[in-house]
Amino acid sequence: DFQMSAIHGSSHYDLPRVLNWFTGNIGLHHLHHLNSMVPNYRLQECLSTIPTEIPVTKLALFESFKCARLALWDETQRRLIRFCDIPKVQPA
């Protein structure tokens, strides 16, 4: 459904408070997917109203550096991959 797709389609980027401020709460982007009308300065307030049993993928600052090179969704493996991981197709 729409809500679960919004939650699972992005992650909670767990940043230090000062980086949340500088980035306009980009770490709470998964909440923006639920309702794009919520302004960035209200996202933290919204996070506290979400039941804790909803599974949200959390991503820490240093973990995010590993993700920077991931660009494509592989349907068969159901995960993000790099461009160089695309299987080579032999010409006919």
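These remarks concern the structure in this document. If you're wondering where the values come from, they're calculated on a predicted model, not measured in any experiment. (Residues numbered from 1 in each chain as written. Predicted model: local features only at pLDDT ≥ 70, side-chain atom pairs only at ≥ 80, totals over all residues. Heavy atoms only, no water.)

## Some details on unusual backbone geometry
Even without glycine at this site, Asn25 takes up a positive phi of about 60°. As for its position among the elements, Asn25 is in the loop between α2 (17-22) and α3 (29-34). Judged by relative accessible area, Asn25 falls into the buried class, the value being 13%. (Helix = DSSP H or I, 4+ residues; strand = E, 2+ residues; numbered from the N terminus. Buried < 20%, exposed > 50% of the residue type's maximum accessible area, 1.4 Å probe, protein only.)

## Considering the side chain of Asp74
Looking at where Asp74 falls in the secondary structure, it is placed in strand β3 (residues 72-74). At a separation of 2.6 Å, a polar atom in the side chain of Asp74 contacts the side chain of Thr76. Side-chain polar atoms of Asp74 contact the side chain of Gln77, separated by 2.9 Å. Ignoring anything within four residues of it in the chain, the contact list for Asp74 reads Arg79 and Ile81. (Polar contact = N/O pair within 3.5 Å; in protein donor to acceptor, adjacent residues only side chain to side chain. Contact = heavy atoms within 4.5 Å.)

## Details of the environment of Glu45
One can find Glu45 in helix α4 (residues 43-47). Taking relative accessible area as the criterion, Glu45 reaches 47% and is therefore assigned partly exposed. Separated by 3.0 Å, the side chains of Glu45 and Arg42 make a polar contact.

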